[in-house]
Amino acid sequence: MDHRALGYSYDTMCTIGVALDRTGSMLGLTPDPMTGMGNVSKWEAAKQGVSALLQDCEAAYESNEAYVAAGIKTFRSLPGNQFVPVFAGSPYGLVKSGGAYSQAAFDAAIGAQLPGGGTPLADALSDTFSTLVQPP
């Protein structure tokens, strides 16, 4: 039943791996991307962006346009590199409303996290590709 195990993929199935910067640089301010008014921290803007992406993935699923397998990790170095999955259990799964990999699940899981530390960007991108994008 697992078509991926047979080497098949379909154009209606997308895979998204998100490496969410959780470093100290995310404490800086940026214009609010949702309202265009006032400033929010870069961390808040990034969380809003990922949340909106998941909402779009849910809409694609609901309309039978696409099935999106997604995983999200935060990255930073404190002092060693930390690549932490946002979702509990498997680091990736099918994005659908009310599921374990949904906008609501992301918003709940990411809410208490705060930025800090350094930026291991190249390692974060490599880790995200090998653990979130390639496996699905």
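Scroll up to find the structure this text is about.
Keep in mind that what you see is a predicted model, and the values were worked out from it rather than measured.

Thresholds applied
Residues numbered from 1 in each chain as written. Predicted model: local features only at pLDDT ≥ 70, side-chain atom pairs only at ≥ 80, totals over all residues. Heavy atoms only, no water. Helix = DSSP H or I, 4+ residues; strand = E, 2+ residues; numbered from the N terminus. Rg over C-alpha atoms; globule rule 2.2 N^0.38 Å. Buried < 20%, exposed > 50% of the residue type's maximum accessible area, 1.4 Å probe, protein only. Contact = heavy atoms within 4.5 Å. Pairing = 2+ DSSP bridges.

**Student:** Can you help me understand the overall build of the protein chain in this one?
**Tutor:** When its secondary structure is counted, the protein chain shows three helices and six strands. N-terminal to C-terminal, the α/β element order of the protein chain is β-β-β-α-β-β-β-α-α. Here the C-alpha radius of gyration of the protein chain, 16 Å, is about what a compact globule of 136 residues would show, namely 14 Å. Sorting the 136 residues of the protein chain into buried and exposed places 36% on the buried side. In the protein chain, of all internal contacts separated by at least 6 residues, the share reaching a separation of at least 24 is 63%.

**Student:** What is the right way to look at the environment of Ala69 in this model?
**Tutor:** Along the chain, Ala69 falls in strand S4 (residues 67–77). Put simply, Ala69 and Val133 are 64 residues apart on the chain and 8.8 Å apart in space, counted from C-alpha to C-alpha.

**Student:** What should I look at first to understand the pairing of strand S5 (residues 81–85) in this one?
**Tutor:** A regular strand carries its side chains on alternate faces of the sheet. With five bridges joining them, S4 and S5 adopt antiparallel strand pairing. Residue pairing for S5: Thr74 is matched across the bridge by Val84. As consecutive antiparallel partners, S4 and S5 are separated by three residues.

**Student:** It is not clear to me how the pairing of S4 should be interpreted in this structure. Could you clarify?
**Tutor:** For S4, a buried count of 10 out of 11 residues is recorded, marking the element as mostly surrounded by other parts of the structure. Note that strand S1 (residues 13–21) and S4 share nine bridges and pair parallel. Residue pairing in the sheet places Asp21 in a bridge with Phe75 of S4. Here S4 runs beside strand S6 (residues 92–94); their pairing, made up of three bridges, is antiparallel. Of the residues in S6, the one forming a bridge with Gly71 is Tyr92.

In short, shape yes, function no, at least from these values alone.
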